[in-house]
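Each chain, written out:
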Amino acid sequence: MSLADKVSEGKILLFKCSQCNHPAMLILKKKELGTNPDDSVKYEITMQCPRCRNKDEFTLNDGKVDVASKSEKTDKVPNLDRVL
């Protein structure tokens with residue numbers, strides 16, 4: 001199973017909120033951005049803190065399959081093995 005299959009709308013990602021340090025973010029949206037050279041689909045992942053409603057984003061399959069970019073607000077790469 002690829003990480004793209006695990007990451008979907010409505011799931012929780014154990015990733016600290018950049019604003020209030022809540023330990024988890026809710027995945028709101030998974031938007032297709034195009035196809036990588038290895039034929040994997042690149043996604044923009046939008047997540048939101050359930051406590052303060054702060055939003056953050058990162059790219060999944062960033063250049064190749066199962067690679068995540070740093071989040072827009074924290075400059076940290078989400079550990080996608082921590083999706084619940």
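Residues numbered from 1 in each chain as written. Predicted model: local features only at pLDDT ≥ 70, side-chain atom pairs only at ≥ 80, totals over all residues. Heavy atoms only, no water.

**A look at the nonpolar core**
Part 1 of the argument: Judged by nonpolar contacts, the single largest core of 17 residues is most densely connected at Val-7, Leu-13, Ile-45, Phe-58, Leu-60 and Leu-80.
Part 2 of the argument: Elements with a contribution of two residues or more to this core: helix H1 (3-6), strand S2 (25-35), strand S3 (41-48) and strand S4 (55-60).
Part 3 of the argument: Considering every element that reaches this core, the biggest residue donor is S3, with three residues.
Part 4 of the argument: Non-local contacts of Ile-45, meaning those with residues more than four positions away in its chain, are made with Val-7, Ile-27, Lys-29, Lys-30, Asp-56, Glu-57, Phe-58 and Leu-60. (Core = buried A, V, L, I, M, F, W, Y, C linked by side-chain atoms within 4.5 Å. Buried < 20%, exposed > 50% of the residue type's maximum accessible area, 1.4 Å probe, protein only. Helix = DSSP H or I, 4+ residues; strand = E, 2+ residues; numbered from the N terminus. Contact = heavy atoms within 4.5 Å.)

**Focus: the sheet that holds S4**
Consider a sheet: its strands pair through backbone hydrogen bonds, and that pairing is either parallel or antiparallel.
Part 1 of the argument: Read from one edge of the open sheet, four strands run S1-S2-S3-S4, paired in antiparallel fashion. Strand pairing shows two members of the sheet lacking a second neighbour, strand S1 (12-13) and S4, which therefore form its edges.
Part 2 of the argument: In the sheet, S1 pairs with S2 via two bridges, with the strands oriented antiparallel. Across the sheet, Leu-13 pairs through a bridge with Met-25, a residue of S2. (Pairing = 2+ DSSP bridges.)

**A word on the confidence of the model for the protein**
Part 1 of the argument: Taken residue by residue, the protein gives an average pLDDT of 95. The fraction at 70 or more is 99%.
Part 2 of the argument: The weakest mean pLDDT in the protein belongs to H1 at 86; the strongest belongs to S3 at 98. (pLDDT = per-residue confidence, 0-100.)

**Quick notes on the pattern of salt bridges**
Opposite charge on two side chains permits pairing when their charged atoms draw close.
Part 1 of the argument: If you walk through the whole model with that rule in mind, you get two salt bridges.
Part 2 of the argument: Salt-bridge contacts for Lys-70 lead to Asp-75; the nearest nitrogen and oxygen are separated by 3.9 Å.
Part 3 of the argument: Here Lys-70 falls in the partly exposed class, since its relative accessible area comes to 47%. (Salt bridge = Lys/Arg side-chain N within 4 Å of Asp/Glu carboxyl O.)

**Re the environment of Asp-62**
Part 1 of the argument: Structurally, Asp-62 is set in the segment after S4.
Part 2 of the argument: The exposure class assigned to Asp-62 is partly exposed, which follows from its relative accessible area of 33%.
Part 3 of the argument: For the pair Asp-62 and Ile-27, spaced 35 residues apart in sequence, the C-alpha to C-alpha distance is 17 Å.
Part 4 of the argument: Non-local contacts of Asp-62, meaning those with residues more than four positions away in its chain, are made with Lys-42, Val-67, Ala-68 and Ser-69.

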